[in-house]
Every structure is written in structure tokens, then in C-alpha cells.
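Overview (structure and organization)
Each chain is listed here by its residues.
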Amino acid sequence: LAALGDKSKTVIAQTAPSIRAVLGELFGMPAGTLVTGKMVSALRRCGFHKVFDVNLGADMTIMEESAEFLKRVEKGGAFPMITTCCPGWILMMEFFYHDLFPNMSTCKSPHEMLGMLVKTYYAKKEGINPKDIVVVSIMPCTAKKFESTRPEMKSAVDYVLTTREF
């Protein structure tokens, strides 16, 4: 809320694809009703400058994971390669499946990937100092909150809200 009220900040929302299909249900609409326009309008009225879809981050993650996969094929690597898109799965591996660490992709999750793109590519394109950009992810899972606070992530996501919090 403080960032939304700070005129020196550019506040960006990025929403997970599922949010647009779940949000309407919280307001009494039939399950699965797409409310993309209403959601974006609400975010803009709340003061967000831009709203991005995490699908872009998912596309970038897929491209990076594909490159990593090919590198493993060419130079040898642990298989099967396991995606790191889900922080809940990462925690489960850390607690119970240490032997699978070499199989983990080194790529960031889609919302983390998009957060980085916003604070690098988008910031440069728009002439905005990355320090003046606040990225808020709206995600369906509380594990994304934990993911963005991990020091080794070097996250560009400043805040994570769940669907209900939004």
C-alpha cells in the first residue's frame, strides 16, 4: 500500500494465469468465469501502473529450460531434468529427495523470471530506474511468498499476494 501511494515508484502487478479464472468465484460468479478485464481494471484503480501476465515469464522459463536441457544432452547432465517452477516441489526435494538435486533445473520460476524482466528489460525500455520499480506478484499459492524471500533467489519480486489477499 505504501508503494502504491508513493509517486516516485512505478508499481507493477503480475498475475498468474489461474487468477483470472478463480477471482470471479470469490465474488459469486460461476466457477471458471474469466474476469481478466475486471481484474486489470481493479488493479489499475488500486494504483498499479502496469499489469503483466505471468504467462510471459512461463514462456521465458520454458525457453531457458529448453536451452539447459540441450546443454545437458550435449555435455552430459543429470536426467530426467526436473523443472523448478513450483517452490512447494523444491521444498519437498530439499526435505525428502536430496538425491534429485542434480536433476533440478537452474531456471527461476515464471513469476521470478518475469520479475527480473520487469526490472531489467522493461526498466531500460521505459527509462525507469529499477530501484523505482516495485513488482507485486499475485499468485494462487503461499509457497510463492516463501520463494521470493529466499536469499539465494536474488528475487526481483518485492511482494507476493495470494488470490484472496488481492
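The sections below set out a description of the structure shown in this document. All figures in this text were calculated on a predicted structure; none of them were measured in a lab.

**Regarding the nonpolar core**
- Residues Val11, Leu43, Phe48, Val118, Tyr122 and Ile133 are the most contacted members of the largest nonpolar core, which totals 25 residues.
- If you list the elements that add at least two residues to this core, you get β1 (10-15), α2 (19-26), α3 (36-46), α6 (110-126) and β3 (133-139).
- If one sorts the elements of this core by residue count, β3 sits on top with six residues.
- Residues contacting Ile133, with those up to four places away along its chain left out, are Thr10, Ile12, Val118, Lys119, Tyr122, Ala123, Ile128 and Asp158.

**Some remarks on the environment of Gly47**
- Secondary-structure assignment places Gly47 in the loop between α3 and β2 (50-53).
- On a C-alpha basis, the gap between Gly47 and Met63 in space is 32 Å, while along the polypeptide they are 16 residues apart.

**Some details on unusual backbone geometry**
- The residue after Phe79, namely Pro80, is reached through a cis peptide bond having omega 0 degrees.
- Mapped onto the secondary structure, Pro80 falls in the loop between α4 (55-75) and α5 (87-96).

**Details of α6**
- Residue Val118 marks the point of greatest curvature in α6, where the axis turns by about 35 degrees.
- Looking at α6, one finds that the buried residues are Pro110, His111, Glu112, Met113, Leu114, Gly115, Val118, Lys119, Tyr122 and Ala123.
- Elements that come into contact with the buried residues of α6 comprise β1, β2, α4, β3, α7 (143-149) and β4 (159-162).
- Just downstream of α6, Gly127 is the residue with a positive phi angle, here 70 degrees.

**Let's talk about the pattern of salt bridges**
- One pass over the full model with this rule turns up eight salt bridges.
- In this structure, the salt-bridge partner of Lys119 is Asp158, at a minimum N-O distance of 2.8 Å. Linking Lys119 in helix α6 with Asp158 in the loop between α7 and β4, this pair joins segments that are 39 residues apart in sequence.
- When the shortest N-O distance is used, the salt bridge between Lys145 and Glu165 registers 2.9 Å. Taken together, the positions of Lys145 in helix α7 and Glu165 in the segment after β4 put the pair 20 residues apart, joining distant regions of the chain.
- For Lys145, a relative accessible area of 27% gives the class partly exposed.
- Assessed through its relative accessible area of 45%, Glu165 is described here as partly exposed.

**Points about α4**
- Over its 21 residues, α4 extends 30 Å from the first C-alpha to the last, a length consistent with the 30 Å expected when each residue adds 1.5 Å.
- Three or more residues of α4 are buried, namely Gly57, Thr61, Glu65, Glu68 and Arg72. Angularly, the buried residues of α4 cover 65 degrees about the axis, an arc narrow enough to put them on a single face. Relative to its buried face, α4 has exposed residues pointing more than 90 degrees away, namely Met63 and Glu74.
- Looking at the packing, one finds that the buried side of α4 touches β2 and α6.

Parameters and conventions
- Residues numbered from 1 in each chain as written.
- Predicted model: local features only at pLDDT ≥ 70, side-chain atom pairs only at ≥ 80, totals over all residues.
- Heavy atoms only, no water.
- Core = buried A, V, L, I, M, F, W, Y, C linked by side-chain atoms within 4.5 Å.
- Buried < 20%, exposed > 50% of the residue type's maximum accessible area, 1.4 Å probe, protein only.
- Helix = DSSP H or I, 4+ residues; strand = E, 2+ residues; numbered from the N terminus.
- Contact = heavy atoms within 4.5 Å.
- Bend = angle between axes of the 7 residues up to and from the residue.
- Salt bridge = Lys/Arg side-chain N within 4 Å of Asp/Glu carboxyl O.
- Expected span 1.5 Å × (residues − 1).
- Arc of directions from axis to C-beta.

Geometric descriptors of this kind do not, in isolation, establish any biological role.
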